[in-house]
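# Report on the structure
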Amino acid sequence: MNVFNAPDFDRHEQVSFFSDPKSGLRAIIAIHSTALGPACGGTRMYPYASADDALTDALRLSRGMSYKNAMAGLPLGGGKAVIIGNPAKEKTHNLLLAYADAVNALSGRYITAMDVGMTPQDIAVIASGTPHAAGYDAPGKRSGDSAPATSLGVFEGLKAAVRHRLKTDELKGLTVAVQGLGKVGMGVAERLHAAGAKLIVADVNPAAVRRAVDRLGAESVPVDQIAAVRCDVFSPNALGAVLNDRSIAALQAVVVAGAANNQLERDRHGQMLRDHGVLYAPDYVINSGGVIHVAGQIFGWGDAELSTRVHAIAGTLKEIFRRADMEGRPTSRIADMIAEDRMGAAAKAVSSRAAE
Ligand code: NAI
């Protein structure tokens with residue numbers, strides 16, 4: 001594939017390919033934008049069928065991080081890395097250290113965090129070889145687990161969406177369908193329960209469902225029904241592409257607010273949600289508590305600053321909802337436009353400083 005012509009290239013600033021035959025490392029680090037600060041995003045390890053597939057994933061995810069970091073109001077740009085290989089078989093200590101050297105070669109233009117196929121322990125190994133890593137457990141540092149911050153952001157964002165669409169601050173009496181009861185989904189469900197909401201839940205893991213039924217009084221439904229149950233809010237916290245032609249047609253909720261990444265199967269599903277009278281909290285905005293948590297490790301923020309920034313997600317969503325109503329556009333499009341404005345303004349400021 002010609003990188004410059006790749007469909008997801010979208011003016012990436014830098015795409016670097018690394019190979020280390022001794023450890024078997026083959027990695028691609030994509031830096032979409034450093035307009036707002038050093039590019040930050042996770043490293044994914046996956047047995048891609050081809051280098052082209054790996055490149056496509058790196059470019060797509062890296063661009064997504066530019067938008068997410070911009071909307072979270074972080075002084076960070078967007079980047080992402082992929083390591084080609086099976087994490088269960090090929091992820092050795094030496095490979096992680098060789099990868100740390102690759103990150104170092106970019107002199108801080110890219111900061112890595114965790115993604116699919118990597119654990120906080122892996123990031124800690126990488127961090128032993130480079131200062132440009134975040135989102136891991138280390139003595140004297142806040143826990144690397146970003147799920148609690150993500151859950152809090154989703155809960156606050158969900159309340160903002162309910163306030164806008166249903167004109168109430170009360171969750172009591174509302175029914176929320178929660179898809180996925182993992183680290184984030186269970187946290188969201190617990191907060192909703194504490195606020196008096198009625199829960200309907202589904203997960204492929206029966207133990208997680210049992211916990212929610214026993215502890216939170218949730219009603220459980222099969223996984224293929226959760227998006228279509230009678231409820232006020234649908235909160236997807238498991239998979240991508242859950243909002244598609246079929247699911248939107250069957251949706252009974254009037255608000256969608258959850259942590260899952262890439263919820264819209266296609267961009268046009270943002271418009272379809274709007275046409276169906278559903279208020280959609282754009283995924284990369286409402287789930288940005290995780291990246292805010294990682295940024296907290298990078299910049300050494302205290303609890304108060306972190307909490308303020310996660311709570312600010314609700315304000316950002318409120319502004320998106322207001323503009324979407326005013327301009328008659330889908331919330332997903334408005335979020336993209338605001339992110340593009342922020343990146344554009346930062347890039348302009350950088351180039352005018354350079355010209356001085
Ligand atoms: P997790 O892996 O802990 O939880 C995912 C849950 O979804 C698991 O309980 C799993 O059994 C369940 N699940 C899988 N397939 C399902 C299906 N077909 N129907 C219903 N449930 C199903 O992951 P985590 O950390 O809770 O993340 C959840 C989502 O939020 C993911 O999409 C993730 O990419 C996204 N996210 C997570 C962040 C974090 O800080 N952990 C930050 C931003 C986004």
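Residues numbered from 1 in each chain as written. Predicted model: local features only at pLDDT ≥ 70, side-chain atom pairs only at ≥ 80, totals over all residues. Heavy atoms only, no water.

## Brief notes about the overall build of the protein chain
Along the protein chain, the regular secondary structure elements total 13 helices and 11 strands. Whereas a compact globule of 356 residues would reach a radius of gyration of roughly 21 Å, the protein chain reaches 20 Å, a difference of no more than 12%. Burial analysis of the protein chain (356 residues in total) assigns 53% to the buried set. Considering only contacts in the protein chain between residues 6 or more positions apart, those separated by 24 or more positions represent 64%. Summed over its atoms, the accessible surface of the protein chain is roughly 15600 Å², and 52% of this surface lies on carbon and sulfur atoms. One way to put it: in the protein chain the 38 positive side-chain charges average out to a point 2 Å from where the 36 negative ones average out. (Helix = DSSP H or I, 4+ residues; strand = E, 2+ residues; numbered from the N terminus. Rg over C-alpha atoms; globule rule 2.2 N^0.38 Å. Buried < 20%, exposed > 50% of the residue type's maximum accessible area, 1.4 Å probe, protein only. Contact = heavy atoms within 4.5 Å. Areas by Shrake-Rupley, 256 points an atom, 1.4 Å probe, with all protein chains shown as cover. Lys, Arg positive; Asp, Glu negative; His and termini not counted. Charge placed at Lys NZ, Arg CZ, Asp CG, Glu CD.)

## Remarks on the pairing of strand 3 (residues 39-46)
Burial runs high along strand 3: seven of the eight residues are buried. Taken together, the six bridges between strand 3 and strand 4 (residues 77-84) define a ladder with parallel strand orientation. Across the sheet, Met-45 pairs through a bridge with Ile-83, a residue of strand 4. In this view, the connection linking strand 3 to its parallel neighbour strand 4 by way of helix 1 (residues 51-71) has right-handed handedness. (Pairing = 2+ DSSP bridges. Right-handed = clockwise from strand over helix to strand, strands pointing away.)

## Re the sheet that holds strand 4
Across the sheet, which stays open at both edges, the five strands sit in the order 1-2-4-3-5 with mixed pairing between neighbours. Each edge of the open sheet is held by one strand with a lone partner, namely strand 1 (14-20) and strand 5 (110-114). Sheet twist, expressed as the average angle between the axes of neighbouring strands with direction ignored, equals 25°. (Axes fitted to C-alpha atoms, helices over the stretch in contact; angles between N-to-C directions.)

## Remarks on the domain arrangement of the protein chain
By convention, interface size is frequently given as the accessible area that disappears when the constituent parts associate. Structurally, the protein chain comprises domain 1 (3-61 + 77-127) and domain 2 (147-339). Placing a centre on the C-alpha atoms of domain 1 and another on those of domain 2 gives a separation of 28 Å. (Domains from an automatic or database assignment.)

## What about the environment of Thr-130?
Within the fold, Thr-130 resides in the loop between helix 4 (120-127) and helix 5 (147-166). A C-alpha to C-alpha distance of 9.4 Å links Thr-130 and Ile-111, two positions 19 residues apart in sequence. Ignoring sequence-local partners within four residues, the contact set of Thr-130 consists of Ala-100, Val-103 and Asn-104. Of the polar contacts made by the side chain of Thr-130, one reaches the backbone nitrogen of His-132; its length is 3.0 Å. (Polar contact = N/O pair within 3.5 Å; in protein donor to acceptor, adjacent residues only side chain to side chain.)

## Brief notes about the site of the ligand
For the ligand, the set of nearby residues contains 21 residues, the closest of which are Ser-146, Thr-150, Val-184, Asp-203 and Asn-261. In the environment of the ligand, an oxygen atom lies 3.0 Å from a nitrogen or oxygen atom belonging to the backbone of Lys-183. Looking at the shell around the ligand, the elements with two or more residues in it are helix 5 and helix 6 (183-194). Tallied by class, residues from the shell around the ligand come to 10 nonpolar, nine polar and two charged. (Near = heavy atom within 4 Å. Nonpolar A, V, L, I, M, F, W, Y, C, P; charged D, E, K, R; others polar.)

## Description of unusual backbone geometry
As a rule of thumb, non-glycine residues mostly have phi less than zero, and peptide bonds are mostly trans rather than cis. One non-glycine residue, Arg-11, lies in positive phi territory at about 55°. A relative accessible area of 70% means that Arg-11 is categorised as exposed. A positive phi angle is found at Asn-262, which is not glycine, with a value near 50°. One can find Asn-262 in the loop between strand 10 (255-256) and helix 9 (268-275).

## Digging into the packing of aromatic side chains
Tallied over the full model, the rule gives four aromatic pairs. The interplanar angle of 85° and the centroid separation of 6.3 Å between the aromatic rings of Tyr-67 and Tyr-284 together place this pair among those described as edge-to-face. In this pair, Tyr-67 is assigned in helix 1 and Tyr-284 in helix 10 (residues 283-286), connecting sequence segments 217 residues apart. Using a relative accessible area of 7% as the deciding quantity, one classes Tyr-67 as buried. (Phe/Tyr/Trp six-rings, centres within 6.5 Å; stacked < 30°, edge-to-face > 60°.)

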